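Structural overview for review
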Amino acid sequence: MANSYELKAQVRERAGKGAARAARREGLVPAVIYGDKKEAVSINLPLKEATMTLHKGGFLSHVGTIDLNGEKTSVIAKDFQLHPVKDTLMHVDFLRVSADATLTVEIPVKFLNEETSPGLKRGGVINVVRHTVEMTVPANAIPEAIEVDLGAADLGSSQHISAVKLPAGCAPTITDRDFTISTIAAPAGLKEADEASEEGEGEE
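How each quantity is defined
- Residues numbered from 1 in each chain as written.
- Predicted model: local features only at pLDDT ≥ 70, side-chain atom pairs only at ≥ 80, totals over all residues.
- Heavy atoms only, no water.
- Buried < 20%, exposed > 50% of the residue type's maximum accessible area, 1.4 Å probe, protein only.
- Helix = DSSP H or I, 4+ residues; strand = E, 2+ residues; numbered from the N terminus.
- Pairing = 2+ DSSP bridges.
- Arc of directions from axis to C-beta.

**Things to note about the pairing of strand E10 (residues 146–149)**
Side-chain direction in a regular strand flips from residue to residue, so the side chains alternate between the two faces of the sheet. Burial along E10 is one-sided: Ile 146 and Val 148 are buried, and none of Glu 147 and Asp 149, which face the opposite way, are. Examined bridge by bridge, strand E7 (residues 102–112) and E10 share four bridges and lie parallel to one another. Paired with Leu 112 across the bridge in E10 is Asp 149.

**Quick look at unusual backbone geometry**
For Asp 36, which is not glycine, the phi torsion reads 60° and is therefore positive. Backbone geometry at Asn 69 places phi at a positive 55°, although glycine is not the residue there. You can see Asn 69 is positioned in the loop between strand E4 (63–68) and strand E5 (71–82).

**Quick notes on the sheet that holds strand E9 (residues 132–138)**
Strands sit in the order E10-E7-E9-E12 across an open sheet of four strands; the sheet is mixed. With one partner strand each, in any of the chains shown, E10 and strand E12 (171–172) form the two edges of the open sheet. Sheet topology places E9 next to E12; two bridges connect them, and they run antiparallel. Bridging from a neighbouring strand, Met 135 pairs with Pro 172 of E12.

**So, helix H1 (residues 17–25)**
Among all positions of H1, only Ala 19, Ala 20, Ala 22 and Ala 23 are buried. Seen end-on, H1 carries its buried residues on one side only, within an arc spanning 160°. Facing away from the buried side of H1 by over 90 degrees, the exposed positions are Lys 17 and Arg 25. Gly 27 sits one or two residues past H1 and shows a positive phi near 80°.

Listed below in structure tokens is the structure:
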């Protein structure tokens, strides 16, 4: 399983808010590793490296490695907290990941062929209903994005999950409906012209 980042960590001997505050004063980020039917481990991460990893993108959808005193563990970040004012990283929750595991992850949506979309060429705009889609995915093959093809999308069209070719082993967690990912909306000027035309036809 190819992991996208590696962070060196040290065991945090004491738990609790006091120990977490002490770690932050030393330029460290308190974190915890849990799951895989093993005891949770409290750790500290270097703030600079952890922040750089966060800002590279995909932090909650990429499997990484935590090097804890030479013992390496595959993990995925499930949650993190930022300081409400300074916006600095305050805490991270990591889930242990085995190669054969299945994860629930928010996968970004990527739109293709916008330049050939009939609706967009006529001045329409994309109304993105879902920027990400929650999916169950193999831990060893998490897709970077799901791709929505707009090549034939005209004004008034909707793009549903059923029309998306999903990567192998991936499935949306919503299974009870064919939910909408995006729509192509008519520009305001065209809407007004259509409404005026309809009103004129009604008066005859």
